[in-house]
There are 2 protein chains.
Amino acid sequence: MHNFVFHNPTKILFGQGTLEAIGPETRIWGKRILLVYGRSSLRRNGLYDQILASLRTAGLEVAEHGGVRANPLLSHARQGIREARARQAEVIVAAGGGSVIDTAKAIAAGVPVEHDVWKFFTGKKSLKTALPVITVLTLAASGSEMNSGMVLTNDATREKFGFGHRLLHPKTSILDPQATYTVPPDHTVFGAVDAISHLLEFYLTAADPDIPVQDRMMEGLVENSMTACRRCLRDPRDYSGRANLMWTATLALNGLTAAGLGRVGFPMHLIEHSLSALYDIPHGAGMAVILLGWLRAHRTALAHRIAGLGRRLFRLTESDPLLAADQTIARFADWLADVKAPLTLADLGIAAAEIPHIADNTRGLARIWRLAEYSPERVASILLHCLGSDGQQTTMNRSNTSHQGAPGGQCGEESDISP
Amino acid sequence: MHNFVFHNPTKILFGQGTLEAIGPETRIWGKRILLVYGRSSLRRNGLYDQILASLRTAGLEVAEHGGVRANPLLSHARQGIREARARQAEVIVAAGGGSVIDTAKAIAAGVPVEHDVWKFFTGKKSLKTALPVITVLTLAASGSEMNSGMVLTNDATREKFGFGHRLLHPKTSILDPQATYTVPPDHTVFGAVDAISHLLEFYLTAADPDIPVQDRMMEGLVENSMTACRRCLRDPRDYSGRANLMWTATLALNGLTAAGLGRVGFPMHLIEHSLSALYDIPHGAGMAVILLGWLRAHRTALAHRIAGLGRRLFRLTESDPLLAADQTIARFADWLADVKAPLTLADLGIAAAEIPHIADNTRGLARIWRLAEYSPERVASILLHCLGSDGQQTTMNRSNTSHQGAPGGQCGEESDISP
């Protein structure tokens, strides 16, 4: 186990009826607040009214900055910073998913400084202070509600970069699973895939292989992401399913799973950030495709590790590491197909001819994240595995589960067949 | 999943060489410190000199309160409170295991108030403020380094009570696995058993059975306690074994495993507290015996839950719940015997005739912990299962592992035999 610092001071209020605590929890930190939210769902499902009522009952002055979209934009965060300054906001309250929370964090970081907030993302400035952030989570996915990270897309340069600092841990995050009842099936799946991708980035790129504490935790969380997602698709109002998916996604990226692993690189996210920066696809949709392609590209180099995962997760009995690794990848592909996640770049509407363009876009973030080993050439070679035409195309094990709005998978793998 | 609040602000510095951070980490909180430690091991293994050097280099004024013993005494904590006041200590630094850390917490809680510190334990006073506590952990066991709890024994009344409050979270805890290299085999085992007992209390008394997130985490930590303990017995200087045992024990009781379970009762600890209050045995030794007895006493009532645990942990394939539960209990008994933990009250030097006396001693804590369902009669009936004579005595599966200092087991169960 590598040395690590673990320090996560975010207070989590989890469960039914916790939403009403948003007023009192915010009041601890200030009186004038900026409420950040998305486009329409918060008003549609009634959460907006509940949150505003609690904030006003607590005697808070509420300014608003709505309209955050998926793959949140730097330009919109900059507007929020201006709004927060104009209203002399003391606290930023985020009500939404990862995009909303990340925008709120960018505003919290940007308000106290004279320079542009993007300089934190490019490493040109370091963070010294930030306004307090409080969150109400409405989507189980990013883990931003209990971590110090944020991701924004620079709409001028088409760069999607991430930045993290301990001052960006939300002070309090309110996690009411009922607030996710109205998340549509496709975004429920994208959220589960996002959590799985965080876990597998850590699991498969850990510098130290002797980490059974973290391994068991990550395997359990991957399993729960898959099973809880299925429950939520079967019944979107299954409280326990929503609760398990929500807490799983939070724990997947709150620092615990990474503690002790040594340097972890986030190479899958490196590539997906370019996909969603260039084509504005949902992050989780992109991650489903990159995850499968990345696993296939590393089936030999990481055969033992992938096989070990499959033996734990899927109780595989195959003793040959390469065969077991291929079976593991096939099981993930089956699950992704079953929940109707996209499986190939074509499913995302991205042509093979785009690969050089995507690979080139990863340069900037690879430099900032110090992933020198991920040259555009290597990224392109991984993206070739996302075409679903590398000899692994077989019949799919599709279930009868059916839901609207998710891109349909067009390719998959059959268990027990190695290419 | 039940509603919960999770808020654990303790900063963990984990790994080799982290000990030297004790000075700078303490300096954040004040200049005059009281260093609390145990009896001899800290000086013997050189840690005392390293800690003192770091504290002095950081320019701190160090007063000392050594001599904490296992099952730490209220009278000794009271002396520490007087010492801390006399030296106007601003920070309490604990260097030791759970007993030392709990004593430090009691001093931190007791210094600012005029009343006696025991009133917190009996629920007669509520905590409003406490001095900051910093810890250097030297024993993987109690989890006190990352939680808000403390346990003391009132030497006048022979009551061993626990108390917890969010203000008692250590500010920083330094976890260097090398600091546990010199822990002897018996106490290594007792520490692992302590961690397992925390996990199984939660696992088996959770009010909500639909908690797969927590279940997978707890199963993983139980497995790691058992495997890491064996590694440490084979080679006390196996860094990875010590690291895994240390981080496992911390995670077992830092609030994460209990979050979402609903009310958990700690009935096994209720009974063990009386054992170690009356007979001054190591807590982990008592827990080994109580754990086995409690499992046997609940083999029917909790058959499904115990069987589920065994299927995950030991890959049992038995489909009948009662048979699978008995196999699970037998596997725990085998492991305890293998690591030479005590298995019966007799192994602890406690006669069967003492049972009424022990059961009667549980009254006070049962009242404070609101475990009304644990009457002395019920406690006595559980203790009867700790005699090892309830028809389950069979040949033991003892390994050749041999170490000094642990009470030897005299009874066990054979796998796959149900009584």
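Draft legend 1. Fine view of the sheet that holds strand β1 (residues 4–6) of chain A. Read from one edge to the other, the open sheet built from seven strands follows the order β1(A)-β2(B)-β9(B)-β6(B)-β5(B)-β3(B)-β4(B), with strand pairing classed as mixed. Looking at which strands have only one partner, the edges of the open sheet turn out to be β1 of chain A together with β4 (61–65) of chain B. For this sheet, the mean inter-axis angle between neighbouring strands, taken without regard to orientation, is 15°. By the bridge criterion, three bridges tie strand β6 (residues 133–137) of chain B to strand β9 (residues 172–175) of chain B in an arrangement that is parallel. Along β9 of chain B, the bridge assignment pairs Thr-135 of chain B with Ser-173 of chain B. Most of the contacts of helix α4 (residues 74–86) of chain B go to β4 of chain B, to which it runs at about 160°, and overall it touches β3 (32–37), β4 and β5 (91–96) of chain B.

Draft legend 2. Region of interest: the nonpolar core. Among the nonpolar cores identified, the biggest contains 249 residues, and Ile-92 of chain A together with Ile-92 of chain B are the most heavily contacted of them. Ignoring sequence-local partners within four residues, the contact set of Ile-92 of chain B consists of Leu-34, Val-36, Ala-84, Ala-104, Ile-107, Ala-108, Leu-131, Pro-132, Val-133 and Ile-134 of chain B.

Draft legend 3. Up close: the sheet that holds strand β4 (residues 61–65) of chain A. Read across the sheet, seven strands follow the order β4(A)-β3(A)-β5(A)-β6(A)-β9(A)-β2(A)-β1(B) without closing on themselves; strand pairing throughout is mixed. Two strands in the sheet have a free side with no partner beyond their single neighbour: β4 of chain A together with β1 (4–6) of chain B. Across the sheet, the mean angle from the axis of one strand to that of its neighbour is 15°, orientation sign disregarded. Across five bridges, the pairing between strand β5 (residues 91–96) of chain A and strand β6 (residues 133–137) of chain A is parallel. Directly across from Val-93 of chain A, in β6 of chain A, lies its bridge partner Ile-134 of chain A. The sheet strands contacting helix α3 (residues 47–57) of chain A are β3 (32–37), β4, β5 and β6 of chain A, and the helix crosses β3 of chain A at an angle near 170°. Together, β3, β4, β5 and β6 of chain A form the strand contacts of helix α5 (residues 98–110) of chain A, whose direction differs from that of β5 of chain A by roughly 170°.

Here is what the cut-offs are and how they apply
- Residues numbered from 1 in each chain as written.
- Chains lettered and ligands numbered in written order.
- Predicted model: local features only at pLDDT ≥ 70, side-chain atom pairs only at ≥ 80, totals over all residues.
- Heavy atoms only, no water.
- Pairing = 2+ DSSP bridges.
- Helix = DSSP H or I, 4+ residues; strand = E, 2+ residues; numbered from the N terminus.
- Axes fitted to C-alpha atoms, helices over the stretch in contact; angles between N-to-C directions.
- Contact = heavy atoms within 4.5 Å.
- Core = buried A, V, L, I, M, F, W, Y, C linked by side-chain atoms within 4.5 Å.
- Buried < 20%, exposed > 50% of the residue type's maximum accessible area, 1.4 Å probe, protein only.

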